[in-house]
Amino acid sequence: MAKLRSASELKKFRKDILAGRDPARPCVTLCLGTGCLACGGEQVHRAFIDEIARQGLVGKVDVRRTGCHGFCERGPLAVVFPREICYLKVTAADVPEIVSETLVHDRIVERLLYQGDDGKKIVHENEIPFYKHQSRVILGANRLIDPNRIEDYIALGGYSALAKALFVMTPEEVLDEVKRSGLRGRGGAGFPTGKKWETTRDAHGETKYVVVNADEGDPGAYMNRSVLEGNPHSVIEGLIIGAYAIGARHGYVYVRQEYPLAVANLTVALEQARDLGLLGDNILGSDYCFDVAVHRGAGAFVSGESSALMAAIEGRVGEPRPKYVRTAISGLWGKPTNLNNVETWANVPAIINRGADWFGDIGTAGSKGTKIFSLVGKVKNTGLVEVPMGTPLRRIIYDIGGGISSGKEFKAVQTGGPSGGCLPAAHLDLPVDFEALERAGSMMGSGGMIVMDEGTCMVDTARYFVQFLSEESCGKCVPCREGLKRMLRILTGICAGRGRPGDIDLLEELGEVMSEASLCALGTTAANPLLSTLRYFRDEYEAHIQEKRCPAGACKELIRYHIVPEKCQACMICARSCPAAAISGAKGQVHVIDQSKCTKCGVCLEVCPSRFAAVAKISGKPVPAPVAAGTRIQGKK
Amino acid sequence: METIQLEIDGKKVEAERGTTLLQAARKAGIEIPTLCHDDRLAPFGACRLCLVEIDRGGRKRLVASCAYEVEDGLVVKTVTEKIVKIRRMIVELLLAEATTGPLEVLAEKYGLKGSRFKGDEPACFLCGLCVRYCAEVKKKDITCFIGRGIGREVAFPSDLARSACPLCRECLPLCPSGAWYSLYLKGYEGMPEEAGPRPGA
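Residues numbered from 1 in each chain as written. Chains lettered and ligands numbered in written order. Predicted model: local features only at pLDDT ≥ 70, side-chain atom pairs only at ≥ 80, totals over all residues.

Description of the domain arrangement of chain B
By a frequent convention, interface size equals the accessible area lost on bringing the separate parts together.
All names here are of chain B.
Here is step 1 of the chain: Domains assigned within chain B are domain 1 (3–79), domain 2 (80–122) and domain 3 (129–195).
Here is step 2 of the chain: Just the C-alpha atoms count here: the centres of domain 2 and domain 3 sit 26 Å apart.
Here is step 3 of the chain: At the junction of the two partners, domain 2 supplies six residues and domain 3 supplies four residues.
Here is step 4 of the chain: Of the residues assigned to the side of domain 2 that touches domain 3, the class counts are four nonpolar, one polar and one charged. (Domains from an automatic or database assignment. Contact = placed C-beta atoms within 7 Å. Nonpolar A, V, L, I, M, F, W, Y, C, P; charged D, E, K, R; others polar.)

Rendered as structure tokens:
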């Protein structure tokens with residue numbers, strides 16, 4: 001590929017790409033993000049290639065591998081252009097039919113369409129409720145781009161924002177545009193991006209660095225992963241524009257080694273950008289020179305903290321330092337360093353192209369633009385969701401997420417990952433923005449959103465996050481390390497029925513000291529899952545401690561399974577299913593669970609026919625004495 | 001060196017720019033407790049006992065005085081109700097790990113009779129004095145941290161101990177928890193005679 005030496009050469013390059021494409025030619029775009037790959041996407045892709053060859057369609061139809069479309073619950077996804085027919089849960093066995101029906105005869109394969117609760121089939125992606133309520137500024141391009149082909153990105157206007165910044169705007173104007181847009185960091189703390197850039201720009205010294213933080217590690221969160229996998233150029237373009245505004249000539253992408261596809265696609269994207277003269281010396285023929293190196297993280301959650309991340313890039317242990325001199329002023333090798341999250345960088349090209357006013361019109365007074373959430377847990381439509389800031393939780397969980405999957409009631413939503421908190425049903429109408437979430441005792445974080453139903457124990461949830469953090473803290477400072485250790489022991493005790501009066505007070509006292517005295521943000525926020533569950537679900541803690549009862553029936557050591565003699569029909573199903581052989585009984589005889597053998601796996605409850613409903617889960621009360629062996633069931637002779 | 005003025009606990013204090021709040025306070029005779037600090041080593045900020053409250057134009061926050069540099073006109077309080085609460089909790093957390101001289105002094109100062117947390121075996125405070133002294137002063141890097149989170153430990157790999165430890169033993173008196181001495185001895189287990197005298201011998 002010849003290097004592009006001016007903005008007009010970029011324009012011409014794009015024109016040529018578009019001219020070489022026939023918009024009427026059928027094209028299957030296949031989601032091959034990590035989610036769809038995990039449920040057989042690669043086989044579906046292979047099947048399309050083979051089937052197209054078999055039906056003699058090579059050169060007449062296209063197949064495009066794309067990144068994550070977001071609707072992971074229904075993957076693998078395939079969208080057939082030009083009509084944009086959206087097929088869900090596609091398997092290799094479906095492919096011959098799609099090829100002969102849709103690609104050849106332009107007919108729809110009804111059974112692969114989305115079907116709403118009302119039974120109505122929906123043909124187009126953007127009409128499916130999951131997508132209909134979203135604003136996909138960042139994620140929208142994923143479905144149109146093969147991340148290994150820079151032409152696809154450029155065809156959509158990619159790198160035109162860079163050309164605009166380099167040739168139409170001064171670095172000061174770029175900085176001003178981002179400041180005016182109100183963009184705030186998407187990595188967690190929500191610091192104003194323009195202000196951060198300005199600090200690094202104004203900091204003393206010739207050498208400056210810009211860094212992409214792709215060390216996403218919150219349990220259940222994969223938004224940054226999907227942006228890097230699916231549209232790496234949007235991040236690279238944002239980074240170059242930011243570096244130009246700041247005056248940096250070197251950049252790093254710190255990405256988890258556990259994201260192999262993101263690392264691979266990013267590496268290819270950087271090479272292609274370099275080949276086209278969009279990175280390296282004299283970008284697009286301008287005086288500006290900038291290049292990027294990829295640093296693969298070794299899997300420490302704490303390395304997402306800016307000073308720890310920079311220590312890791314320098315080759316030291318990823319451990320935070322007291323940040324009284326900010327990394328913006330003294331970061332990598334003591335040089336001014338601007339670090340932003342993947343999603344923050346990906347917002348920059350859109351802001352430069354469409355302007356600060358356009359961006360500022362989206363969102364709330366203090367939180368502008370859209371935000372991507374990874375919606376997971378007990379919700380029908382799990383996946384990646386991008387909505388304007390200020391969208392109420394209810395719309396995300398019910399309109400987009402389709403409500404609770406288990407048929408049980410909603411109990412809480414956890415936002416902000418291990419630094420965030422759990423919000424109860426009373427907060428479902430809360431608009432999701434930085435301030436509102438924080439006031440409610442949670443936080444935006446990087447965008448994890450875990451939905452929980454009545455069957456989730458909130459004490460156990462707090463224990464889970466505390467355990468995660470106790471393993472992922474660097475262990476350097478006393479309040480975080482020792483605080484988490486003690487918190488974990490107390491919470492584990494409470495879940496196991498060993499809770500004592502005074503535990504709640506002690507936990508609160510610990511949480512307060514951790515929040516105030518820890519060295520870095522991991523420690524100062526580590527108590528949030530505990531403190532927020534105590535704030536909204538204190539009664540559950542009290543039930544565990546005082547009555548040895550788990551109201552959700554989730555804590556194994558506080559529950560017992562019991563077969564109600566009056567209801568048992570002696571069908572033997574539970575006895576045959578019990579993996580611990582803890583159920584005795586014979587035809588016509590009431591079945592009995594031997595509590596000393598029971599492992600509380602719950603299989604008996606699951607398999608007992610619902611018309612009998614003879615198995616009960618008991619918590620906080622003694623199990624009734626077992627009936628005498630051989631007792632005949634009632635209602636039968 | 002430029003001298004600047006600040007206020008610590010209501011007292012006007014002069015300090016050289018580039019020095020820390022802890023140094024300025026100690027020079028003025030104001031004692032701030034520490035466990036992980038040593039004047040010969042770079043600030044570490046891990047024990048958090050030295051937290052003080054700074055007030056800049058009405059904005060108050062807690063900082064580790066061992067790492068925070070003096071600023072002109074800064075108002076500092078080394079003792080507030082909140083700070084005492086934090087220090088007491090930190091000492092209580094560590095008391096569950098080990099009871100040794102320096103910690104007992106602190107326990108008495110903060111009125112602690114014992115710890116509400118149940119201890120296991122005497123454990124290391126992970127203050128890193130041995131690790132950092134070996135690295136920064138002796139330039140040896142023999143002792144090191146391994147693991148992270150609640151699994152973090154200090155290690156003294158015996159192969160390194162045998163081949164590179166200068167047997168200076170200057171690390172031994174630095175340890176506030178007493179855990180280092182047994183680890184140090186363990187590092188020499190099975191060592192041949194010609195490696196030199198065992199520590200403590």
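Still more to cover.
Quick word on the confidence of the model for chain B
When pLDDT is low, close inspection of the predicted coordinates is not appropriate.
All names here are of chain B.
Here is step 1 of the chain: Model confidence for chain B is summarised by a mean pLDDT of 89, while 94% of its residues fall at 70 or above.
Here is step 2 of the chain: No element of chain B has a lower mean pLDDT than helix α5 (residues 158–164), which averages 79, and none a higher one than strand β5 (residues 75–77), which averages 97.
Here is step 3 of the chain: Prediction confidence for the complex, expressed as pTM and ipTM, is 0.93 and 0.94 respectively. (pLDDT = per-residue confidence, 0-100. Helix = DSSP H or I, 4+ residues; strand = E, 2+ residues; numbered from the N terminus.)

A few points about helix α12 (residues 260–275) of chain A
Residues and elements named next belong to chain A.
Here is step 1 of the chain: The first and last C-alpha atoms of α12 sit 23 Å apart over 16 residues, in line with the 22 Å expected at 1.5 Å per residue.
Here is step 2 of the chain: Residues of α12 that are buried include every one of A262, V263, N265, L266, A269, L270, Q272 and A273, and no others.
Here is step 3 of the chain: The first or second residue beyond α12 is G277, which carries a positive phi of 75°. (Expected span 1.5 Å × (residues − 1). Buried ≥ 20, exposed ≤ 12 C-beta atoms within 10 Å, placed from the backbone.)

Side note on the sheet that holds strand β8 (residues 250–256) of chain A
Residues and elements named next belong to chain A.
Here is step 1 of the chain: Spatially, four strands are ordered β9-β8-β7-β10 in an open sheet, and the strand pairing comes out parallel. In this open sheet, the two edge strands, each paired with only one partner strand, are β9 (291–297) and β10 (337–341). With strand direction ignored, the average angle separating the axes of adjacent strands in the sheet is 20°.
Here is step 2 of the chain: Across seven bridges, the pairing between β8 and β9 is parallel. What sits directly across from G251, in β9, is V292.
Here is step 3 of the chain: Here helix α14 (residues 342–354) sits on the sheet in contact with β7 (209–214) and β10, set at roughly 95° to β10. (Pairing = 2+ DSSP bridges. Axes fitted to C-alpha atoms, helices over the stretch in contact; angles between N-to-C directions.)

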